[in-house]
Amino acid sequence: MTLEMLFDMALVGAVVVAAAYAINAPVLIAGVFVYIVFGVLLSLVWVRLGAPDLAIAEAAIGAGITGAIVLDAARQMGMERRRNPRLRRWPGWLSWAATAAVGVIFAGVFLTVSEGRGDLPQRVQAELPRVGVENEVTAVLLSYRGYDTWFEVGVLLVAALGVLALRAPGESPARRFRWDPPAVADGAADMLVPGGILMAGYLLWQGSRGPGGAFQAGAVLAAIAVLLTLLGRPPIARVSDRARDALLVVGFADFLLVGLVAVTLGGALFEYPPAWAAPMILVIESAVAVSVAVTLSLLFAAGGAAGDASEGGVP
Amino acid sequence: MTTFGIYAVGAALLLTIGIRGALRRKHLLRRILALNIIGGGAFLFLVLLGYRESGEAGPDPVPQALVLTGIVVAVSISSFAIVIARRLNARTGRTELPEEGLD
Amino acid sequence: MSPRDLATVLLLLLAAFFFVAGVLGIVRFPDTLTRLHAVTKADNVGLGLVVFALLFQADSFLAGAKLVLIWILVLIASATSCYLIAGASLLDGDEESG
């Protein structure tokens, strides 16, 4: 056994244990913390498997934003009448047998597949000069599979609309987390906010050449918004509802618009002419980053329930 | 066992743990966490398909882009689900779905 | 092994010592404040040593500067969250005794 395999086994073992504890922890809030650890460990897995773009996205979105949203919800509904109740439709031995069967089937099927041997990487590489970006993942996202990514931005928009539609009457993000944060927290925010904005810009610009891109940049901006929301000054409350809606939509609309421009220039939808591809992709990515940031921060800020006793208290 | 094998077994375990959790746990937040862990297992297997242990070509970027899409969709779905769960909790005080004939 | 690599290995080993000590502290110490004390040592000194170790491997000044920047950001974040957790635990303690 090599040292590398030992590392792989330790990492996979830690991920699996964290996942099991996150769901089954006796105390809900402890499980939520371990879920955040699970996200960070998973981003280490992405680094190990040669996917740094995913590592950034997982750390910022999977562990960071999702973690903050679940933690906030656990604060409201963390009480369980019984400790960690479970459904008991089946006797214990039967449910364990079924679990083992499912696990064996998955592992069996996965192990019959060997690592990829197709020529997709070579084909992506060959077409790169026509796309105008050097980061292959960005090229796949914005150009080769533009439809997927466009609809993905659409899913974000639908989630934002759903959250807005479910708002309790009279609820607004500005009314959440009304407390007097310690000066230390405000001071740290004053240092972290400009740094975070700079980092988001860097990730956006860097995304055409190295790991990074619209989603990572948007997630970092959203993280800043979450920080400010926790301190009682949510950025989302500073813009009018109309402006907020415009910011939610701009990524989806701009993506389509640039795609249509490509059509008028003689290509298919999202088939940018090589000479213009780089600036067109940057225009799309900038708008998508803004929409991702506003959507994710709305998903956190608008999640509170009016009339819920935990609102307005110390987070 | 190869690197591929180790991570493939990990992906299978994540899927199994997640499915068991989503079916057995009653608390809605735990179920949402379980769904995210199922997602993690599926993403791990997808990325693994594009992983190349040897060879000149780097890892396959196509599954990576798909998983990046998946991560963003997962956060949208889970936060929407959480908002619904919080509304239910604020209105009824419940943290679980009512079960016909059980409970 | 070149002197650079040797320096990296030694510093990483030292960092690992601090992380192990921090984890031991979380597991063994009795209450929030002493546990925080343990974990911040791991965060600040341990990560500092990791960054210092990696500086020997950085191929440009810019790459090294980014590593140091990561350490500074973590210092700010960890000091602040440590303060907030300590404050919240004191508040909780007051409620329990009062």
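Student: Teacher, can you tell me more about the overall build of chain C here?
Tutor: In terms of regular secondary structure, chain C is built from three helices and zero strands. Sequence-ordered secondary structure for chain C, helices as α and strands as β, is α-α-α. Its C-alpha atoms give chain C a radius of gyration of 17 Å, more than 25% over the compact-globule value 13 Å for 98 residues. Looking at chain C as a whole, 10% of its 98 residues are labelled buried. Within chain C, counting contacts between residues at least 6 apart in sequence, those at least 24 apart form 58% of the total.

Student: Just checking my understanding: could you explain the interface of chain B and chain A for this structure?
Tutor: A common way to state how big an interface is: give the accessible area lost once the parts meet. Counting residues at the interface gives 66 residues for chain B, matched by 75 residues for chain A. Among the elements of the structure, α1 (3–24), α2 (28–49) and α3 (61–92) of chain B are those that each provide at least two residues to the side of chain B that touches chain A. In terms of residues, the side of chain B that touches chain A owes the most to one element, α3(B), which gives 23 residues. Its residues assigned to classes, the side of chain B that touches chain A comprises 39 nonpolar, 17 polar and 10 charged.

Student: Looking at this structure, I do not really get unusual backbone geometry. What am I missing?
Tutor: A negative phi angle is the norm for most residues apart from glycine, just as the trans form is the norm for most peptide bonds. Although it is not a glycine, A:Phe270 adopts a positive phi angle of roughly 65°. Classification of A:Phe270 by C-beta neighbours within 10 Å gives buried; the count is 23.

Student: What exactly am I supposed to notice about the interface of chain A and chain C here?
Tutor: Chain A puts eight residues into the contact, and the matching count from chain C is seven residues. The residue makeup of the side of chain A that touches chain C, split by class, is seven nonpolar, one polar and no charged.

Student: Explanation requested: α2(B) in the structure shown.
Tutor: Think of an α-helix as 3.6 residues a turn; residues three or four steps apart then line up on the same face. Look at α2(B): 32 Å from first C-alpha to last across 22 residues, which is about the 32 Å you get at 1.5 Å a residue. Counting buried positions along α2(B) gives 18 out of 22 residues, so the element sits mostly inside the fold.

Student: How do you make sense of the environment of A:Gly67 when you look at a structure like this?
Tutor: All names here are of chain A. Looking at the secondary structure, you find Gly 67 in helix α3 (residues 52–77). Residue classification places Gly 67 among the buried residues on the basis of 20 C-beta atoms within 10 Å. Spatially, the C-alpha atom of Gly 67 lies 35 Å from that of Thr 2, the residues being 65 residues apart in sequence. Ignoring anything within four residues of it in the chain, the contact list for Gly 67 reads Tyr 35, Ile 36 and Gly 39.

Student: Is there a simple way to explain the environment of A:Ala59 in this structure?
Tutor: Residue and element names in this part refer to chain A. Counting through the fold element by element, Ala 59 comes out in helix α3. As a C-alpha pair, Ala 59 and Val 294 span 235 residues in sequence and 18 Å in three-dimensional space. With near-sequence residues (within four places) excluded, Ala 59 lies in contact with Gly 39, Val 40, Ser 43 and Gly 64.

Student: Please explain helix α8 (residues 183–206) of chain A as it appears in this structure.
Tutor: Helix length check: α8(A) (24 residues) gives 34 Å between terminal C-alpha atoms against 34 Å at 1.5 Å per residue, within 8%. For α8(A), every residue scored as buried is listed here: A:Ala188, A:Met199, A:Ala200, A:Leu203 and A:Leu204.

Student: Please explain the packing of helix α1 (residues 3–28) of chain C against helix α2 (residues 32–55) of chain C as it appears in this structure.
Tutor: What describes two packed helices is the angle between their axes and the distance between those same axes. Residue and element names in this part refer to chain C. At a minimum axis distance of 8 Å, the contact between α1 and α2 shows a crossing angle of 170°. Between α1 and α2, the angle is such that the two are roughly antiparallel. Handedness of the α1/α2 crossing: left-handed. Across from Thr 8, Leu 11, Leu 12, Leu 14, Ala 15, Phe 18, Phe 19, Ala 21, Gly 22, Gly 25 and Ile 26 in α1, the residues of α2 making contact are Arg 35, Ala 38, Val 39, Lys 41, Ala 42, Val 45, Gly 46, Leu 49, Val 50, Phe 52 and Ala 53.

Student: In this structure, what is going on with the nonpolar core? I would like to understand it.
Tutor: It is characteristic of soluble globular proteins that their nonpolar side chains tend to be buried jointly. Counting 128 residues, the largest nonpolar core has A:Ile65 and A:Ala219 as the members making the most contacts within it. Of all the elements, helix α11 (residues 277–301) of chain A adds the most residues to this core, at 16 residues. Excluding anything up to four places from it in sequence, A:Ile65 contacts A:Ala60, A:Ala219, A:Ala222, A:Ala223, A:Val226, A:Leu296, A:Phe300 and B:Val75.

Student: I keep staring at the confidence of the model for chain C and nothing clicks. Help me out?
Tutor: As a general rule, the predicted coordinates of low-pLDDT regions are not to be interpreted in detail. Residues and elements named next belong to chain C. The pLDDT averaged across chain C works out to 87; a share of 94% of its residues lies at or above 70. No element of chain C has a lower mean pLDDT than helix α3 (residues 61–97), which averages 83, and none a higher one than α1, which averages 92. Across the whole predicted complex the pTM is 0.91, and at the interface the ipTM reaches 0.93.

What counts, and where the lines are drawn
Residues numbered from 1 in each chain as written. Chains lettered and ligands numbered in written order. Predicted model: local features only at pLDDT ≥ 70, side-chain atom pairs only at ≥ 80, totals over all residues. Helix = DSSP H or I, 4+ residues; strand = E, 2+ residues; numbered from the N terminus. Rg over C-alpha atoms; globule rule 2.2 N^0.38 Å. Buried ≥ 20, exposed ≤ 12 C-beta atoms within 10 Å, placed from the backbone. Contact = placed C-beta atoms within 7 Å. Nonpolar A, V, L, I, M, F, W, Y, C, P; charged D, E, K, R; others polar. Expected span 1.5 Å × (residues − 1). Axes fitted to C-alpha atoms, helices over the stretch in contact; angles between N-to-C directions. Parallel < 35°, antiparallel > 145°, perpendicular 65-115°, else oblique. Left-handed = near helix turned anticlockwise from the far one by under 90°. Core = buried A, V, L, I, M, F, W, Y, C linked by C-beta atoms within 7 Å. pLDDT = per-residue confidence, 0-100.

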